[in-house]
Protein chains: 2
Amino acid sequence: MKKLSLLTIGILLCLTSFAQQALWGGTPIVSPEVHDDYTVTFRFKAPNADTVQITGDFLPTEKIKTPMGLFDGPGKAYLKKDANGIWTYTSESLKPELYGYSFIVDGLKSTDPNNAFLIRDVATVTNIFLVGGGPGGLYKVNDVPHGTVARRWYDSPGLNMKRRLTIYTPPGYESSTQEYPVLYLLHGAGGDEEAWMALGRLSQIMDNLIAEGKAKPMIVVMPNGNVTQEAAPGEGIRGFYKPQFMEPKTMSGSYIGTFMDIINFVEKNYKVKANKENRAIAGLSMGGFHSLHISRYFPNTFDYVGLFSPAIMPNANVQSKVFDNFDSTLKAQMDNGYKLYWIGIGKSDFLYKAVADYRAELDKMGMKYTYVETDGGHIWKNWRIYISDFAPLLFK
Amino acid sequence: MKKLSLLTIGILLCLTSFAQQALWGGTPIVSPEVHDDYTVTFRFKAPNADTVQITGDFLPTEKIKTPMGLFDGPGKAYLKKDANGIWTYTSESLKPELYGYSFIVDGLKSTDPNNAFLIRDVATVTNIFLVGGGPGGLYKVNDVPHGTVARRWYDSPGLNMKRRLTIYTPPGYESSTQEYPVLYLLHGAGGDEEAWMALGRLSQIMDNLIAEGKAKPMIVVMPNGNVTQEAAPGEGIRGFYKPQFMEPKTMSGSYIGTFMDIINFVEKNYKVKANKENRAIAGLSMGGFHSLHISRYFPNTFDYVGLFSPAIMPNANVQSKVFDNFDSTLKAQMDNGYKLYWIGIGKSDFLYKAVADYRAELDKMGMKYTYVETDGGHIWKNWRIYISDFAPLLFK
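Every chain's residues receive numbers from 1 upward, in the order its sequence appears when written. To read the labels, note that chains go from A and ligands from 1, taken in the order they are written. Only residues with pLDDT of at least 70 get local features here, since the model is predicted, and only at 80 or more are side-chain atom pairs given and counted; chain-wide, interface and lining totals rely on the full set of residues. Just so you know, side-chain values use all the structure's heavy atoms and leave hydrogens and water out.

Engineer: Quick question: what am I supposed to make of the overall build of chain A here?
Structural biologist: The numbering of helices and of strands both runs from the N terminus, where a helix is a DSSP run of H or I of at least 4 residues and a strand a run of E of at least 2. Looking only at helices and strands, one finds 10 helices and 20 strands in chain A. A radius of gyration in this sense is built from C-alpha atoms; the matching globule rule multiplies 2.2 Å by the number of residues raised to 0.38. Relative to its length of 396 residues, chain A is compact, with a C-alpha radius of gyration of 23 Å against a globular reference of 21 Å. In terms of principal-axis extent, the alpha carbons of chain A reach across some 70 × 55 × 40 Å. Here chain A holds 396 residues, and the buried ones make up 60% of them. When checking whether two residues touch, look at their non-hydrogen atoms; a contact exists if any pair is within 4.5 Å. Here the contacts in chain A between residues at least 6 apart in sequence split such that 73% fall between residues at least 24 apart. Split by element, the accessible area of chain A, about 15,700 Å² in all, is 52% carbon and sulfur. Burial classes: relative accessible area under 20% of the type maximum marks a residue as buried, over 50% as exposed, and values in between as partly exposed (1.4 Å probe, protein chains only). To be clear on the numbers: accessible area is Shrake-Rupley with a 1.4 Å probe, and residue cover counts the displayed protein chains and nothing else.

Given below as structure tokens:
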């Protein structure tokens, strides 16, 4: 055992009742270990287990059977056990990216007890790791000036609620006398005001793009788009509860109709350029739906709109007041002019056809847009790419 | 299966590759479930497991065998399996508190896959739950005005580093023209600038105390006390790595000697009353050590000092320049005057005797202090109590 002072031992014993395994449990296990060649070794101690598998988005996808048919799911691989009861698996060389994984021990999903980094997606918590370098370097904390990330509450008279949002202010904001442009950045149907920070690596991407001179210093406002939820699960008065996918009424129009509460709050409380040329709105999936409709509800408000894998309705089966005057407000938005209407989608996204149909509508009415198609589907990997490509185009 | 629109299914399938179990895995399991009588039911699905236990700080302690002898550790209890392969355990009625727990499945520690709330303590991630009401109501998010919590970076010329800190500004701070007092609140040897927020429930406690009129609106600055670490693990340029207990050099004096970097940053960048009457410093364990020594290094700087289960050296075996001029600087601090020197410790804390010895020294030199003794040991439960008791005494 490593030599430790009595003080240290005492503190360790008492302070961290759950953290003692490292000390008393023998050799500390490192997992995951990202090697220089970007292969990654995973380790899991389970002397009595019969099988240990790993599943994650770094493995080739597998078809999974569901009541709705066969769908692509994350792949699996088997770990091998050594004489000490430690199971290991080493991946192929991986592309720079943020990845998620879990172990499956004798059929039961398990987090990696040696990896302290996890991200919640709806109700599921998954270990993550980051393969660095190359384009993935944007997702790392680098030795560059860092913006400030604040969790702050605002009043929404429209929803009659105090609500929580996350706000990124760029390096130097606090001591600057200048005013900044603002990007409103919206989450999807499983998310909340934490999603772009945790899964989207927003503050790292913005710090790095600004440091490289690729993006203008800007404020990024990440509100909570679920109208029945004042804050992310665990952060509001409901306390700790099991998060669900898609809160009620979130696509009913009330968020869109009350979005000015957020803009008013930001423009009253921050050093911003409060005009169309300096406002952008973007969002992923449901947040793309919100961005599309908010930008046409208030058709002279945003010069920059980003639709990332957007959920675009209506279709014949959906009735909602959100879609009232769709054509006329979209035409007003077009006629008022804008700098950028950006659409990105993955080739295997289940929304691909809906987006293609929407583009055909835009073409027919002569509404200009920038269109980007990437590999893959409806996944965070694409949304990190989209924000990294979109932010440099803003406010120029 | 619950009826879902195709859009919802599509998003769900693709958006959250790890979150599909809830949909396809049958009845959603709720765990933990806190009942009205404050008993708590835990559930874990494992049809093929032979034993499932739970361990946590809500169970009576058990003696655990270590190379250093027998020590108190968290207790264990067995879950029982039903016909569907779901294991359950219901606790006794618990006192209002934040608790942590893990499952042990056939001997392997496991997180609870149905509980999305976890807290990291050093390298270990543990599920948590909150039993509300009574004094524990201070730890909940209540329907009161909320302060803002920002993660921000500052320059430390003394340590030649950009460093990250967490700062709580009280409700109304941003739009106010008044100046505020400041509490500097320090973490222990396993912690960082996230510890008081996650394990300490600091923002909830301050919001609630201020709303009840029990504490004055104040700024709370939670810096990182590990001098070789610019930011919490995962938040700095080292990226994701396995956190360790007690970073090197953290009690060597360099943090204490450079603490003015933090005060200067705060007083330059925030609306603060920059005088002794409006500065407080407090910390737990190693943070108590830091608070003790910083307040005497700069003996005319703080009118309020809080030592929560403080690690108080020196003893005969420890040599460090931190202890140079201990007596004379402490006497200078006493002679300069102060409003409150507050010491709190648990009766079974392993530091109890060291604190008693230190109190005897204070008595001998005639240095006044307030002393609070609680049940229990060197645990977060006590530190949440201490900050809840200490904050109302400040700046009055």
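Engineer: Is there a simple way to explain the domain arrangement of chain A in this structure?
Structural biologist: You'll often see interface size given as the accessible area lost when the parts meet. All names here are of chain A. These domain limits were set by an automatic method or by a database of domain assignments. Once the domains are mapped, chain A shows domain 1 (30-132) and domain 2 (139-393). Taking the mean C-alpha position of each, domain 1 and domain 2 sit 31 Å from one another. With both sides pooled, the region where domain 1 packs onto domain 2 buries about 1,100 Å², and carbon together with sulfur makes up 66% of that total. Put simply, buried area is the surface a 1.4 Å probe can reach on two separate parts but cannot reach once they are joined, added for both. By the criterion of area lost to domain 2, the three top residues of domain 1 are E97, R120 and V122, representing 45% of everything that side buries. Between Lys or Arg on one side and Asp or Glu on the other, a salt bridge is scored when a side-chain nitrogen of the former is within 4 Å of a carboxyl oxygen of the latter. Seen at the junction of domain 1 and domain 2, the total is 2 salt bridges. A salt bridge links R384 to E97, with the nearest nitrogen and oxygen atoms 2.7 Å apart. Under the rule applied, a polar contact is a pair of N or O atoms within 3.5 Å (in protein, one hydrogen donor and one hydrogen acceptor; residues adjacent in sequence only if both atoms are side-chain atoms). Taken together, domain 1 and domain 2 are joined by 3 residue pairs in polar contact (both at pLDDT 80 or more). Elements with a contribution of two residues or more to the side of domain 1 that touches domain 2: β9 (97-105) and β11 (118-121). Ranked by the residues each element gives to the side of domain 1 that touches domain 2, the list is headed by β11, at 3 residues. Residue classes in the side of domain 1 that touches domain 2 are distributed as 5 nonpolar, 1 polar and 3 charged. Asp, Glu, Lys and Arg are counted as charged, while Ala, Val, Leu, Ile, Met, Phe, Trp, Tyr, Cys and Pro are counted as nonpolar; the rest, among them Gly, fall into the polar class.

Engineer: Whenever I open this one, the packing of aromatic side chains confuses me. Can you help?
Structural biologist: By convention here, two paired aromatic rings are described through the distance between centres and the angle between planes. Residues and elements named next belong to chain A. In this scheme Phe, Tyr and Trp rings, the latter by its six-membered ring, pair at centre separations within 6.5 Å, and the angle between planes marks the pair as stacked below 30 degrees, edge-to-face above 60, and tilted otherwise. According to the stated counting rule, one finds 61 aromatic pairs over all chains in the structure shown. Among the aromatic residues, those joined into a cluster by ring pairs are F42, F44, F58, Y99, Y101, F103 and F129. Two thresholds decide whether a charge sits over a ring: the Lys NZ or Arg CZ must be within 6 Å of the ring centre and within 35 degrees of the ring normal. Over the ring of Y371 we find R359, and its NZ or CZ is 3.6 Å from the ring centre.

Engineer: Would you mind going over the packing of helix α8 (residues 326-336) of chain A against helix α9 (residues 352-365) of chain A with me for this structure?
Structural biologist: Two measures define how a pair of helices packs: the angle their axes make with one another and the distance between the axes. Residue and element names in this part refer to chain A. One can describe the packing of α8 onto α9 by two numbers: an axis separation of 12 Å at closest approach and a directional angle of 60 degrees. In terms of their interaxial angle, α8 and α9 are classed as oblique. Where α8 crosses over α9, the handedness of that crossing is right-handed. Contact residues: α8 offers F326, L330, K331 and M334, while α9 offers Y358, L362 and M365. Split by residue class, the contact of α8 with α9 holds 6 nonpolar, no polar and 1 charged. Helix axes use the C-alpha atoms of the stretch in contact, all axes being lines fitted to C-alpha atoms, and the angles between their N-to-C directions lie in the range 0 to 180 degrees. When an angle is under 35 degrees it counts as roughly parallel; over 145 it counts as roughly antiparallel; between 65 and 115 it counts as roughly perpendicular; any other value is oblique. Crossing chirality is assigned from the near helix's rotation relative to the far helix, an anticlockwise turn below a right angle marking it left-handed and a clockwise turn marking it right-handed.

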